[in-house]
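An overview of the molecular structure
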Protein chains: 2
Amino acid sequence: MPSTELPQQTSARRIDRPVPLRERVYQAMQELIISRQLAPGQHLVESELAEMLGVSRQPIREALQLLNSEGWVDLRPGYGAFVHAPTDAEVDQLLAVRAVLEGESARLAALNADADGIARLRKLCAEGEAALASDDVDGMVAANAELHRCVTELSGNRVLLDFVSQVDRRVRWYYTPIARNRGARSWEEHGRLVDAIERGDAETAAQIMREHTERTRHSYLEQRAENPEPDEQPAQVRTRRRRAAPRV
Amino acid sequence: MPSTELPQQTSARRIDRPVPLRERVYQAMQELIISRQLAPGQHLVESELAEMLGVSRQPIREALQLLNSEGWVDLRPGYGAFVHAPTDAEVDQLLAVRAVLEGESARLAALNADADGIARLRKLCAEGEAALASDDVDGMVAANAELHRCVTELSGNRVLLDFVSQVDRRVRWYYTPIARNRGARSWEEHGRLVDAIERGDAETAAQIMREHTERTRHSYLEQRAENPEPDEQPAQVRTRRRRAAPRV
DNA sequence: ATACAGTATTCTGTATGCAGAAGTCGAGGT
DNA sequence: ACCTCGACTTCTGCATACAGAATACTGTAT
């Protein structure tokens, strides 16, 4: 098994305290899942992860708890942890939830945003369009995520922000590998969204955001239909653990 | 410290497997928090919990992870776990989120509910009204929770159900100790809600549910204003751990 | 060759042990 | 009386150890 580095303790926390291993493990594993190095359905053996990341099983277990509660892995008591394998229905439902939550975010943002907030939105829009113009896919994805996050922040509802962040990360995991090509249309919508927020037109903002997310949803499902997960036996749930290396 | 029983392993799981200690600890601690035996802001010392529940620290830690991710306790790395002390603003925001999510539940339920589902809703309405008539507060609270849950189930969106369940439990924790007296009005609203769902009138159902939750929110804030948490120093965040029993 | 039973091994769940950080108490100085 | 410094205690975070359950392998009988 390839040994993987834990993220270095980059940015200091509020107070200067060493980031616990369990959090770094959590981060690292989330990356591994998003990047598909840990494939959906795969059985995660604690001791292997421990060796791979150079820590003991305890922080691994604690990280798995967290990943489980956020829907990244499934914990089956007595059987172990498995990378969550979302069904199409689940992705669809998750996007529906996101549409509602982000619609509400936009509505509240329109009611609460100040000039400074609007400026931040404009800046992100500009960045996104620049990325689009120069065909910088990663830049677009990043600007897109930032914009959505910013809108939610401007809603002034911290609880909402927590929920949306959680949903967003999962959606991005499901979504990223396929549909990256609705660029131009998407940024035009974003522009209209910011306009509505600036006018304080809450209902229009909410509407635009909901429809925006709904379109994401439909384009996801279409692409998914044409293009089922390449290296995945559809609908096969792996229940067996694979055998470890045979003895000599 | 009083020793507390872990819940007996009552109902069998899908497969007949012993429920892990961590889950029973999770359940037990959630109960202790809801019942205020563990007070908001209180520092939760792992070893004390372990002794109290008759297990080692490991399952305690894992349960704390879960409780943290659902907002019941705050985990401050290096400092320990504290029972979450929600601010008024947070409760308000959480109720706002619930209004949106349950509004969507109602909308989808109106589109998807079958005759059987409607019957279940009617039954719960009847139970609630019966409880109201006989002044059975606990019965009313239970029927109310069941009704809301049932609506969300009928939405057919499982992801939504997960989110709503989570939000609901937290709301009930915040809310239960105070406002229990909007009975009659509340059940009348429920009746109209079920009517709308039965008609398949999605927008009206959503509207009623949103307004219903909004009223809950306002009544919460009113009561809270008149009646701040009795045995709690307002706005005082406990950062110090209390000293353990002095040695002999 | 297939089915079955028994054995070996892996893996999870839980407990225990240990080092270092955080907090507390008390003595001494101002 | 109040502040400061230092030793002591407690607590968290992590590692290791152990028991039991579940799985995979192997040999034998049919």
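Refer to the preceding data block for the structure.
Residues numbered from 1 in each chain as written. Chains lettered and ligands numbered in written order. Predicted model: local features only at pLDDT ≥ 70, side-chain atom pairs only at ≥ 80, totals over all residues. Heavy atoms only, no water.

1. Some remarks on the overall build of chain A
- Counting its regular elements, chain A contains nine helices and three strands.
- Along chain A, from the amino end to the carboxyl end, the secondary structure elements read α-β-α-α-β-β-α-α-α-α-α-α.
- A separation of at least 24 residues holds for 73% of the contacts in chain A among residues at least 6 apart in sequence.
- Of the roughly 12,900 Å² of accessible surface on chain A, a fraction of 49% belongs to carbon and sulfur atoms. (Helix = DSSP H or I, 4+ residues; strand = E, 2+ residues; numbered from the N terminus. Contact = heavy atoms within 4.5 Å. Areas by Shrake-Rupley, 256 points an atom, 1.4 Å probe, with all protein chains shown as cover.)

2. Re the interface of chain B and chain A
- Taken together, the contact between chain B and chain A spans 30 residues of the former and 30 residues of the latter.
- In total, about 2,800 Å² of surface goes out of reach between chain B and chain A, with carbon and sulfur atoms giving 61% of it.
- Among the residues chain B hides against chain A, the three largest losses belong to Q65, P77 and F163 of chain B. Together they make up 21% of the total.
- Where R61 of chain B meets E62 of chain A, a salt bridge forms, and the shortest distance between an N and an O atom there is 2.7 Å.
- Connecting chain B to chain A are 13 residue pairs in polar contact (both at pLDDT 80 or more).
- Only helix 1 (21-34), helix 3 (57-69), helix 4 (88-112) and helix 7 (158-175) of chain B provide two or more residues apiece to the side of chain B that touches chain A.
- Considering every element that reaches the side of chain B that touches chain A, the biggest residue donor is helix 4 of chain B, with eight residues. (Buried area = accessible area lost by both parts, 1.4 Å probe. Salt bridge = Lys/Arg side-chain N within 4 Å of Asp/Glu carboxyl O. Polar contact = N/O pair within 3.5 Å; in protein donor to acceptor, adjacent residues only side chain to side chain.)

3. With respect to the packing of helix 5 (residues 115-133) of chain A against helix 6 (residues 137-154) of chain A
All names here are of chain A.
- Closest axis-to-axis distance for the helix 5/helix 6 pair is 8 Å, and the angle between their directions is 165°. The angle between helix 5 and helix 6 falls in the class roughly antiparallel. As for the relative orientation of helix 5 and helix 6, their crossing is left-handed in sense. Contacts from G117, R120, L121, L124, C125, E127, G128, A131 and L132 in helix 5 reach G139, M140, A143, E146, L147, C150, V151, E153 and L154 in helix 6. (Axes fitted to C-alpha atoms, helices over the stretch in contact; angles between N-to-C directions. Parallel < 35°, antiparallel > 145°, perpendicular 65-115°, else oblique. Left-handed = near helix turned anticlockwise from the far one by under 90°.)

4. Details of the nonpolar core
- Counting 75 residues, the largest nonpolar core has M29, L44, L64 and L101 of chain A together with M29, L44 and L101 of chain B as the members making the most contacts within it.
- Among residues more than four places away in sequence, those in contact with M29 of chain A are L38, L44, L49, L53, L64 and L67 of chain A. (Core = buried A, V, L, I, M, F, W, Y, C linked by side-chain atoms within 4.5 Å. Buried < 20%, exposed > 50% of the residue type's maximum accessible area, 1.4 Å probe, protein only.)

5. Examining the sheet that holds strand 1 (residues 43-44) of chain A
Residue and element names in this part refer to chain A.
- Reading across from one edge, 1-3-2 is the order of the three strands in this open sheet, with antiparallel pairing throughout. Since the sheet does not close on itself, it has two edges, and those belong to strand 1 and strand 2 (73-76), each with one partner.
- Note that strand 2 and strand 3 (residues 80-83) share four bridges and pair antiparallel. Looking at the pairing, D74 lines up with F82 of strand 3.
- Sheet strands touched by helix 3 (residues 57-69): strand 1, strand 2 and strand 3. Its angle to strand 2, the strand with the most contacts, is close to 115°. (Pairing = 2+ DSSP bridges.)

6. Regarding the relation of the copies chain B and chain A
- Once chain B has been moved 0.0 Å along the axis and rotated by 180°, it coincides with chain A to within an RMSD of 0.0 Å. Those values place the two copies in the arrangement expected of a two-fold rotation axis.
- A share of 100% of the interface residues of chain B reappears at the interface of chain A, consistent with the copies meeting face to face through the same patch. (Least-squares fit on C-alpha atoms with pLDDT ≥ 70 in both.)

7. Section: helix 4 of chain B
- Counted at 1.5 Å a residue, the expected span for helix 4 of chain B with its 25 residues is 36 Å, and the 36 Å between its end C-alpha atoms agrees.
- In terms of burial, helix 4 of chain B is a largely internal element, 20 of the 25 residues being buried. (Expected span 1.5 Å × (residues − 1).)

8. Digging into the environment of T204 of chain B
All names here are of chain B.
- Within the fold, T204 resides in helix 9 (residues 202-226).
- Sequence separation between T204 and R107 is 97 residues; the distance between their C-alpha atoms is 7.9 Å.
- In contact with T204, other than residues within four places in its own chain, are A196 and R199.
- Side chain to side chain, T204 and D201 meet in a polar contact 2.7 Å long.

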